[in-house]
Amino acid sequence: MSGTKRPGSAKHPGSESTPGMDPFADTLQRLREAFVSGRTRPAKFRAAQLKGLSLFLQENKQLLQEALAQDLYKTAFHSEVSELILCQNQVDFALRNLHTWMKDEPGAKNLMTQLDSVFIRKEPFGLVLILSPWNYPLNLSLGPLVGALAAGNCVVLKPSEISKSTMKVLAKVLPRYLDQSCFAVVLGGPEETGRLLEHKFDYIFFTGSPRVGKIVMAAAAKHLTPVTLELGGKNPCYVDDNCDPQTVANRVAFFRCFNTGQTCVAPDYVLCSPEMQAQLVPALQSAITRFYGNDPQRSPDLGRIISQKHFQRLRGLLSCGRVVIGGQSDESDLYIAPTVLVDVKETEPVMQEEIFGPILPIVNVRSLDQAIDFINRREKPLALYAFSNSSQAVKQMLDRTSSGNFAGNQGFTFLSLTSLPFGGVGQSGMGRYHGKFSFDTFSHHRACLLSHPGLEMLNNIRYPPYSDFEQKLITWALGSHSCTLL
Ligand code: NAD
């Protein structure tokens, strides 16, 4: 029965691929057949899957917290607030609104279509692939999954191979809570994912780096498969001279170091005047000591870098500019101290690549205009932050730049809201999700017009030949003055 636990463990294609064999073909065939059978379409089935997801989260809370602790050194509290609650909220919101979202939306009519029924049908795409990253391995797998299931799709989830413990729970336990004829977890790294992407999907939802996003989009293009790309990049954080440095430092340090800096929307670098920098540096030091103590390595609230590879990359960045706070690292513990760099050059790696760690460079600008110019000369970021006591300064930053998300005098709290769309623009991605935006993303919006089978005399006016009067009448009836009639 859908939505309830099933005995036995699921097979995980990709985990033991044999050369020459296609490890995914059977699974994809099974899911496709299930979709064609129509069983995922009824609201009852969709709700059962969402309830299954909810039960998975509740019954396996401890297991998930342990896995997240192993992967990312997250405390139980941190896992709860940065992963579990966010997933639960998305599931609950979808369950509450499913029937409303599924309803056909009436469309406006013109005079020529007055007797027709005109509406938008939200229908599932079919077989959906979700590829997720390692930094919030639960939230970024289940978040999109909520939308895909609510919209009535069959789903293949490929979690990141880097967050191994969470991947194992998702692969072994999650399928037991969902209908396995319609849902599968497949495993693999770049090579296996490359093979998976050779198959035709009806929609691909990818969260990860812009580099891999391009690979995914190129693979999708071969089948003309639509994609959502949730990518990363460098998120600017403008700090105006007119602000309280300690308040700003608290917020910037907290959101920079949240999840050890391994957050796609984290403030990546600060833009401020040299005068503000002189006040901000001691304030950042004070905030870091307040949050993580004199020896942040011993703080339970600071995690670790996910892997040796990322640790090496981040340690390399510590040699950019001049370290004014932190700078310590411990390879045996994958520890990088919360670090602030000044005197960095735009050409140095720390200003060229997404940092994705607890390192914050400060770049000097002379004015708000110069900060806006600096931002606009670069790729559009996923998030942009502006701190100022002047609402005019914040408004100017909002009005004269572009980014996936924007926050004035705050960090990435917008993420927790089901009412706001989440997604990038330009280099930081395309498409959006969360709340109803997730349902819409995973639904094809089908334009429908149902006409009367009779009443042919009303249609006669459309057919040639046309008298002068008929031409005038048709032109008038199709004109914009009548387009808003319901
Ligand atoms: P990644 O791009 O390396 O991997 C993401 C997924 O793609 C994983 O499932 C991985 O197995 C797969 N993959 C990796 N290489 C591949 C290849 N060559 N071919 C096919 N598939 C491949 O990203 P990551 O390191 O897991 O995550 C970090 C990145 O993700 C950062 O850039 C971060 O900003 C971004 N991110 C974005 C968001 C967002 O919501 N916009 C959220 C979290 C992370």
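- An unreviewed UniProt entry annotates the chain as Aldehyde dehydrogenase originating from Bos indicus.
- The heading Sequence similarities (unreviewed entry) in the UniProt record of the chain holds the text "Belongs to the aldehyde dehydrogenase family."

### Let's talk about the site of the ligand
Here's step 1: With respect to spatial proximity, 24 residues lie near the ligand, and among them K158, E161, S209, L231 and E354 are the closest.
Here's step 2: Between E161 and the ligand, the recorded distance is 2.6 Å, taken from a side-chain N or O atom to an oxygen atom.
Here's step 3: Contact with the protein chains removes 92% of the 840 Å² of surface that the ligand exposes when unbound.
Here's step 4: Of all elements in the fold, only α7 (190-196), β6 (203-207) and α8 (210-222) reach the threshold of two or more residues within the shell around the ligand.

### A look at the UniProt feature "domain: Aldehyde dehydrogenase" (unreviewed entry) in the chain
Here's step 1: Following the UniProt record, one finds the feature "domain: Aldehyde dehydrogenase" (unreviewed entry) at residues 31-444.
Here's step 2: In this annotation, residues 31-444 is assigned 41% helix and 17% strand; the end-to-end C-alpha distance for the span is 19 Å.

### A closer look at the UniProt feature "active site" (unreviewed entry) in the chain
Here's step 1: Annotation from UniProt places "active site" (unreviewed entry) at E230 and C264. The greatest C-alpha distance among the residues just named is 9.3 Å, despite their covering 35 residues of sequence, which places them together in space.
Here's step 2: Not counting chain neighbours up to four residues away, the residues in contact with E230 comprise F205, F206, T207, G208, F422, G423, G424, S428, G431, R432 and Y433.
Here's step 3: Counting through the fold element by element, C264 comes out in the loop between α9 (245-257) and β9 (269-272).
Here's step 4: Beyond its immediate sequence surroundings of up to four residues, C264 is in contact with N135, L231, N235, E354, F356, L382 and F422.

### Focus: a nonpolar patch on the surface
Here's step 1: A contiguous nonpolar surface patch, about 410 Å² in accessible area, is contributed by L111, F469, L473 and W476.
Here's step 2: Positionally, L473 belongs in helix α16 (residues 468-478).

### Regarding the pairing of strand β7 (residues 227-230)
Here's step 1: Judged by which residues are buried, β7 turns out to be covered on both faces: V227 and L229 on one side and T228 and E230 on the other are all buried.
Here's step 2: Alignment of β7 against strand β17 (residues 429-430), held across two bridges, turns out to be antiparallel. From the neighbouring strand, E230 faces β17, where its bridge partner is G429.

### Remarks on the packing of helix α4 (residues 76-102) against helix α5 (residues 139-150)
Here's step 1: As a packed pair, α4 and α5 sit with axes 9 Å apart at the nearest point and diverge in direction by 5 degrees. On the basis of the axis angle, α4 is roughly parallel to α5. Residues S82, E83, L86, C87, Q90, V91, A94 and L98 of α4 form the contact with α5, whose own contacting residues are N139, L142, V146 and A150.

### Description of the sheet that holds strand β2 (residues 117-124)
Here's step 1: A sheet is described by the order of its strands in space; here three strands give the open sequence β1-β2-β18, paired in antiparallel fashion. Unpaired on one side and paired on the other, β1 (105-106) and β18 (443-450) mark the two borders of the sheet.
Here's step 2: As defined by bridge partners, β1 adjoins β2 across two bridges and the pair is classed as antiparallel. Within β2, the residue paired with E105 across the bridge is I120.

### Considerations on the nonpolar core
Here's step 1: Grouped together as the largest cluster of nonpolar side chains are 83 residues, with contacts concentrated most on F56, L142, L145 and L174.
Here's step 2: Take this core: its biggest share by element is eight residues, from helix α10 (residues 274-292).
Here's step 3: Sequence-distant contacts of L174, defined by excluding residues within four places in its chain, comprise L53, F56, L142, L145, L157, V169 and F183.
Here's step 4: Counting residues in hydrophobic clusters, the runner-up holds 28 residues, among them V350, L368, L384 and A393.

### Notes on the side chain of S443
Here's step 1: Inspection of the secondary structure assignment puts S443 in strand β18.
Here's step 2: Of note is the side chain of S443, whose polar atom sits 2.7 Å from the backbone oxygen of F439.
Here's step 3: Leaving out residues up to four positions away in the same chain, S443 has contacts with K122, E123, F125 and A151.

### Description of α9
Here's step 1: Over its 13 residues, α9 extends 18 Å from the first C-alpha to the last, a length consistent with the 18 Å expected when each residue adds 1.5 Å.
Here's step 2: For α9, every residue scored as buried is listed here: P245, V248, A249, N250, V252, A253, F255, R256 and C257.
Here's step 3: Tucked into the core, α9 has its buried residues touching β8 (236-239), β9, α10, β14 (359-364) and β15 (383-387).
Here's step 4: Looking at the residues trailing α9, positive phi occurs at N259, about 55 degrees.

What counts, and at which threshold
- Residues numbered from 1 in each chain as written.
- Predicted model: local features only at pLDDT ≥ 70, side-chain atom pairs only at ≥ 80, totals over all residues.
- Heavy atoms only, no water.
- UniProt positions renumbered as here; feature names shortened; annotations may be inferred.
- Near = heavy atom within 4 Å.
- Polar contact = N/O pair within 3.5 Å; in protein donor to acceptor, adjacent residues only side chain to side chain.
- Areas by Shrake-Rupley, 256 points an atom, 1.4 Å probe, with all protein chains shown as cover.
- Helix = DSSP H or I, 4+ residues; strand = E, 2+ residues; numbered from the N terminus.
- Contact = heavy atoms within 4.5 Å.
- Patch = residues over 30% accessible without salt bridge, like charges linked within 9 Å, V, L, I, M, F, W, Y side chains within 5 Å.
- Salt bridge = Lys/Arg side-chain N within 4 Å of Asp/Glu carboxyl O.
- Buried < 20%, exposed > 50% of the residue type's maximum accessible area, 1.4 Å probe, protein only.
- Pairing = 2+ DSSP bridges.
- Axes fitted to C-alpha atoms, helices over the stretch in contact; angles between N-to-C directions.
- Parallel < 35°, antiparallel > 145°, perpendicular 65-115°, else oblique.
- Core = buried A, V, L, I, M, F, W, Y, C linked by side-chain atoms within 4.5 Å.
- Expected span 1.5 Å × (residues − 1).

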